[in-house]
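Overview (structure and organization)
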Amino acid sequence: MKNRIKSVLFEAFNQAVKNGKLPGMEFPDGVQIAVPKAEAHGDFSTNLAMILASRIKTPPRQVADSLLSILRANPLFEKVEVAGPGFLNFFISTETWQQNLKHIFNSGDKFATSDAGNGRRVLVEFVSANPTGPLHVGHGRGAAVGDSLARLLRAAGFKVETEYYINDVGNQMKTLGLSVYLRYREHFGEKVDFPRECYQGDYIRDIADDMAQRHGRRYLDVPEDECLPDFTKAAVDVIFSGIKKDLLEFGVHFDNWFSERTLHDSGMVQKALSLLEEKGFLYEKDGALWFKTSEFGDEKDRVIRRSTGELTYFAADIAYHLQKMERGYDMLVDIWGADHHGYVPRVKAAVKALGHDDSALKVMLVQLVNLIEEGEQKAMSTRAGEFVTLSEVVESVGTDAARFIFLTRRCDSHLDFDLDLARSQSQENPVYYVQYAHARLASVFRKAAEQGIVLREPDQIDTALLSSAEELNLLKMIDAFPQVLAESALALAPHRISYYLTNLAGKFHGYYTRSRFIGEDPELTQARLLLSAVMKRVFKKGLNLLGVSAPESM
RNA sequence: GCCCCCGUAGCUCAGGGGAUAGAGCACAGGAUUCCUAAUCCUGGUGCCGCAGGUUCGAAUCCUGCCGGGGGCACCA
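About the cut-offs
Residues numbered from 1 in each chain as written. Chains lettered and ligands numbered in written order. Predicted model: local features only at pLDDT ≥ 70, side-chain atom pairs only at ≥ 80, totals over all residues. Heavy atoms only, no water. Near = heavy atom within 4 Å. Polar contact = N/O pair within 3.5 Å; in protein donor to acceptor, adjacent residues only side chain to side chain. Disulfide = S-S within 2.5 Å. Buried < 20%, exposed > 50% of the residue type's maximum accessible area, 1.4 Å probe, protein only. Pairing = 2+ DSSP bridges. Helix = DSSP H or I, 4+ residues; strand = E, 2+ residues; numbered from the N terminus. Axes fitted to C-alpha atoms, helices over the stretch in contact; angles between N-to-C directions. Salt bridge = Lys/Arg side-chain N within 4 Å of Asp/Glu carboxyl O. Parallel < 35°, antiparallel > 145°, perpendicular 65-115°, else oblique. Left-handed = near helix turned anticlockwise from the far one by under 90°. Contact = heavy atoms within 4.5 Å. Nonpolar A, V, L, I, M, F, W, Y, C, P; charged D, E, K, R; others polar. Expected span 1.5 Å × (residues − 1). Arc of directions from axis to C-beta. Domains from an automatic or database assignment. Core = buried A, V, L, I, M, F, W, Y, C linked by side-chain atoms within 4.5 Å.

**A few points about the protein's contact with RNA strand B**
- Of all residues adjacent to RNA strand B, which total 58 residues, the nearest are Tyr-313, Tyr-433, Tyr-436, Ser-443 and Ser-515.
- If you look at RNA strand B and keep only atoms within 4 Å of the protein, 64% of those are sugar or phosphate atoms.
- With respect to RNA strand B, the backbone of Asp-286 contributes an N or O atom lying 2.8 Å from a base nitrogen.
- Contact distances for RNA strand B include 3.4 Å between a base nitrogen and a side-chain N or O atom of Tyr-499.

So this is what it looks like as structure tokens:
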């Protein structure tokens, strides 16, 4: 509907210019069509007159008046008025809203889409947890946000790929291998001094035990240096297949699994460094190789190759981003834990230094999750082996509740995840509220089928019967869905979908309680069933954007 | 010390230039002959952290301050 208003407004403007009611000019930028908060201000309003006013030095209300007669001639509107400082308020006629329901129904699956993305290619990279341990709750939030964002962008007309970047090279991998190796020796009764920087979790012991099962005492006589790679590989394989399993259970899909190792093997890292070298952004100091990120807004320069000769992770990250840029995306979305925020300027610096537009790189920082159980906050630390894993949470509260809760807040705000609340199968748990709306609608159609009622074609249905304030409001809310979808996608804000759905569910439940859907009047029944069919679809599509199931019954 | 995020109702948070700032929870009371009560209805709250600035218009943008969290390695 908003788009229709926009084009009507555009035409009215051009006509006013042609008639000499407005001086000759282009349609200005910054014109908004908004849904006013107060009902008395109409269904939509625009600030066009206020924008024009400052341009042509005429009071805004006077500018608005010159558009008024043209707009009023349009049958779309019941009323158009000038209000406040110079808003043009549009009141859509009841009949237009009622007819609109048929359009929505007929447009089928296309309704829950938008072309806001215009076919632009986007890569969403998220989770990317190092394979040194199971995914924990924080990763879960990133996974929910990233996966949902990808679905949202897709629905909004972007071409989306999702990617998991695997840090399978470097110090952490060595530490991981060492951790397993030492536990392996312990397995055979050796007394081992287990260093603090090694991974303490029980899963390390499990992997070591498994190595002992499979290989027996074979590695005990092999020098540590020689057998560590085998232990690292074994650990990565086990942990990574666990990660994949967790993600699968969590309903999260990745198109690509991108290994850091391939960046080294393919010479991409070397290529990135040579490029920076050519452009004169590298220098040696204290035996290390530095990148002048401070020339691009970073607070200080960063090391790329340590004096030991080893490359830092940053070196690989530069290559990774260069590689992503070269793959030709219009936008790169990186979703990181908020504790990595200091990393943003240096990666942006790298992108810029390599000659790409750093505004195409959007880094979303997902704030930490506070896990709360019985009113107490739970401690989290991977290295110390004290953390609540994602799979534990999923097992305890279910995928639907977990995902929904992760997506009820904007990602840059801290999230208190109350396990007891998420577990509770009742009132306070918002996910059921929305799912229940869908299940109720499903049950209405089951009931209708039982009574042999078949939904007619929309043009055989009298939607004018949907005339209560409640019904009109629902017609409007449903109509706004594609708009909400587009705005959430462009703002990279999937939580707005859950907010919208909760809102719609509230309105629906009230309506349901007060209204008989399948009643004595077959015409009214048909009209309400048509409304129900569309609402059901909105809930289903909306929940799907969040990666939450839409049950037929509960 | 420097950097990032947050500060909105008793609590958890939406809203992120537009007109009278919202929801859930909590608290109290009520609703079921009939499509699912995981539901609904009725009750009231706010110096939008503080102070300046930009604007026709600021909870929203800018600056400073205060408070909370996080980050500031040749770790990731």
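**Topic: the state of the cysteines**
- Following the criterion strictly, the structure yields zero disulfides and no others.
- We note that Cys-198 lacks a disulfide partner, and the nearest cysteine sulfur, in Cys-227, lies 14 Å from it.
- Exposure remark for Cys-198: the relative accessible area of 1% places this residue in the buried category.
- According to the relative accessible area criterion, Cys-227 is buried, its value standing at 1%.

**Remarks on the sheet that holds strand E8 (residues 282-285)**
- If you walk across this open sheet you meet the three strands as E8-E9-E10, and the pairing is antiparallel. In this open sheet, the two strands that pair with only one neighbour each are E8 and strand E10 (302-305). Put simply, the sheet's adjacent strands are angled 45 degrees from each other on average, direction ignored.
- In this structure, E8 lies alongside strand E9 (residues 288-291), joined through four bridges in antiparallel fashion.

**Re the pattern of salt bridges**
- Counted according to the given criterion, the structure contains 29 salt bridges.
- Between Asp-210 and Arg-214 there is a salt bridge, with the nearest N and O atoms lying 2.8 Å from each other. With a gap of four residues between them, Asp-210 and Arg-214 both fall in helix H7 (residues 202-215), about one helical turn apart.
- One network of salt bridges, with partners in common, ties together Glu-125, Lys-324 and Asp-334.

**Section: the pairing of strand E3 (residues 77-83)**
- As defined by bridge partners, E3 adjoins strand E4 (residues 87-92) across six bridges and the pair is classed as antiparallel. If you follow Glu-81 over to E4, its bridge partner there is Asn-89.
- Connecting E3 to the next strand, E4, in antiparallel fashion are three residues, including Gly-84 with a positive phi near 55 degrees.

**What about the packing of helix H5 (residues 137-155) against helix H18 (residues 481-490)?**
- As a packed pair, H5 and H18 sit with axes 9 Å apart at the nearest point and diverge in direction by 125 degrees. Between H5 and H18, the angle is such that the two are oblique. Between H5 and H18 the crossing geometry is left-handed. Contacts from Leu-152, Leu-153 and Ala-155 in H5 reach Leu-485, Ser-488 and Ala-489 in H18.
- Here the residues of the contact of H5 with H18 sort into five nonpolar, one polar and no charged.

**Considerations on helix H1 (residues 2-18)**
- Its 17 residues place the ends of H1 24 Å apart at the C-alpha level, agreeing with the 24 Å of an ideal helix rising 1.5 Å per residue.
- Looking only at H1, the buried set comprises Lys-2, Ile-5, Val-8, Leu-9, Ala-12, Phe-13 and Ala-16. Along the axis of H1, the buried positions cluster into a sector of 140 degrees, meaning they face one direction only. What points out from H1, more than 90 degrees from its buried face, is the exposed set Asn-3, Glu-11 and Lys-18.
- Where H1 terminates, the next one or two residues include Gly-20, which has phi positive at roughly 80 degrees.

**Some remarks on the sheet that holds strand E6 (residues 159-166)**
- Strand order in the open sheet formed by five strands is E7-E6-E5-E11-E12, with parallel pairing between adjacent strands. Two strands close off the open sheet at either side, each with one partner strand: strand E7 (256-259) and strand E12 (361-366). Between one strand axis and the next, the sheet turns through 25 degrees on average, direction left out of account.
- As paired elements, strand E11 (residues 331-337) and E12 share six bridges and run parallel to each other. The residue of E12 that forms the bridge with Trp-336 is Leu-365.
- Packing of helix H11 (residues 313-326) onto the sheet brings it into contact with strand E5 (121-125), E6, E7, E11 and E12, and relative to E6 it is tilted by some 160 degrees.

**Details of the domain arrangement of chain A**
- Assigned domains within chain A: domain 1 (2-92), domain 2 (102-117 + 427-545) and domain 3 (171-239).
- One C-alpha centre belongs to domain 1, the other to domain 3, and the line joining them spans 71 Å.

**So, the nonpolar core**
- Tyr-164 and Phe-417 are the most contacted members of the largest nonpolar core, which has 150 residues in total.
- Among the elements that make up this core, the one with the highest residue count is helix H20 (residues 522-546) (eleven residues).
- For Tyr-164, the contacting residues outside a window of four places in its chain are Phe-126, Val-127, Ser-128, Ala-129, Leu-135, Phe-240, Ile-243, Leu-247, Phe-254, Asn-256, Trp-257 and Phe-258.

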